[in-house]
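Notes for the structure review
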Amino acid sequence: MSDGNYVLEIILLAMVAGFVILRLRSVLGRRTGNEPPRPAPPARPGPEEEKVVALPDRNRRPDAAEPAIADGPAAAGLRQIKLADPKFDVSDFISGAKAAYEMIVTAFAAGDLATLKPLLNQDVFDNFRRAIEQRKAAGQRLETRLVGIKRVDLLEAELKGRTAEVTVKFASELINATYDADNKVVAGNASAVDEIPDIWSFARDTRSSDPNWFLAATSTPSCAGARARR
């Protein structure tokens, strides 16, 4: 191959390469350094991030059954309990008391001693147990339905040594009916809602690692025959 032909082939290859580059630029465009940055792809959440749960809204309206707390004997006692047990929180206590109220009333009606046992002190448990046994011996059964708790008031609070005691008044709506062996209503009304005022006292050892409170005394018209005092 002559030198002239060799030079001609180089020129032709250069022209082809230039043509290809121009076509690529026309299709893909050129970066000038002024283009907006491309959005980064969304990061894939790690194992811990996937477990995050949104916290409840702190601005939500309070429950209609929130306690009525005012300065007085209850407030002074609550402060004493707070000093003995810094983890004590009134709102948490009220929430737990309402949950305990529903569990105890329902378990008493069902004669569920296993559920009642860890929620009551020994005196109250023995009293409830006797009432349940008397009801069964008479061939009767009690049906109770909690419609709702309209109001919760803290009546008293005090610290006796290391034991905290808080007395609560519940204003609840209940449907109560006692049936005999023939399934006839002998007490109460299966279709009527009664507003029942219940006064219950809860107690807890402030030095105990067990955070649970126990029902220590009760005056409960909704649970006929179940009345106990320390």
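Refer to the structure above for everything that follows.
Before going into details, it helps to say that this report is about the structure given with it. The structure displayed is predicted, hence computed values, not measured ones.

This brings us to the packing of aromatic side chains. Enumeration according to the criterion identifies nine aromatic pairs in this entry. When the ring of tyrosine 101 is compared with that of tryptophan 200, the centres are 4.8 Å apart and the planes differ by 45°; the resulting orientation is tilted. Highlighted residues: tyrosine 101 in helix 3 (residues 90–110) and tryptophan 200 in strand 5 (residues 194–205), separated in sequence by 99 residues. An identical accessibility class is assigned to tyrosine 101 and tryptophan 200; each is buried. The structure contains a cluster of three or more aromatic residues connected by ring pairs, namely Phe88, Phe93, Tyr101, Phe170, Trp200, Phe202 and Trp213. Taking the ring centre of phenylalanine 125 as reference, the NZ or CZ of lysine 117 above it sits at 4.5 Å. In this structure, arginine 135 is placed above the aromatic ring of phenylalanine 108, and the distance from its NZ or CZ to the ring centre is 5.0 Å.

This brings us to the nonpolar core. The biggest cluster of nonpolar side chains holds 37 residues, and the ones touching the most others in it are Phe93, Ile104, Leu120, Val166, Phe170 and Phe202. Counting residues per element, the ones that place at least two in this core are helix 2 (73–84), helix 3, helix 5 (122–137), strand 2 (141–160), strand 3 (163–179) and strand 5. For this core, the element with the highest residue contribution is helix 3, accounting for ten residues.

By the element assignment, serine 172 lies in strand 3. A distance of 2.7 Å separates a polar atom in the side chain of serine 172 from a polar atom in the side chain of tyrosine 101. Setting aside anything within four residues of it in sequence, one finds serine 172 in contact with Tyr101, Leu146, Gly148, Ile149, Lys150, Asp194, Glu195, Ile196 and Asp198.

A few words now on the pattern of salt bridges. Scanning the model with the defined rule gives nine salt bridges in all. Arginine 204 is the salt-bridge partner of aspartate 85, the closest N and O atoms lying 2.9 Å from each other. With aspartate 85 in the loop between helix 2 and helix 3 and arginine 204 in strand 5, this residue pair connects regions lying 119 residues apart in the sequence. Judged by its relative accessible area of 12%, aspartate 85 is buried. Note on arginine 204: relative accessible area 9%, which makes it buried. The closest approach of N and O atoms between glutamate 158 and lysine 160, which form a salt bridge, is 3.7 Å. By relative accessible area, which is 42% here, lysine 160 ends up partly exposed. Connected via shared salt-bridge partners are Asp126, Arg129 and Glu133.

What counts, and where the lines are drawn
Residues numbered from 1 in each chain as written. Predicted model: local features only at pLDDT ≥ 70, side-chain atom pairs only at ≥ 80, totals over all residues. Heavy atoms only, no water. Phe/Tyr/Trp six-rings, centres within 6.5 Å; stacked < 30°, edge-to-face > 60°. Helix = DSSP H or I, 4+ residues; strand = E, 2+ residues; numbered from the N terminus. Buried < 20%, exposed > 50% of the residue type's maximum accessible area, 1.4 Å probe, protein only. Lys NZ or Arg CZ within 6 Å of the ring centre and 35° of its normal. Core = buried A, V, L, I, M, F, W, Y, C linked by side-chain atoms within 4.5 Å. Polar contact = N/O pair within 3.5 Å; in protein donor to acceptor, adjacent residues only side chain to side chain. Contact = heavy atoms within 4.5 Å. Salt bridge = Lys/Arg side-chain N within 4 Å of Asp/Glu carboxyl O.

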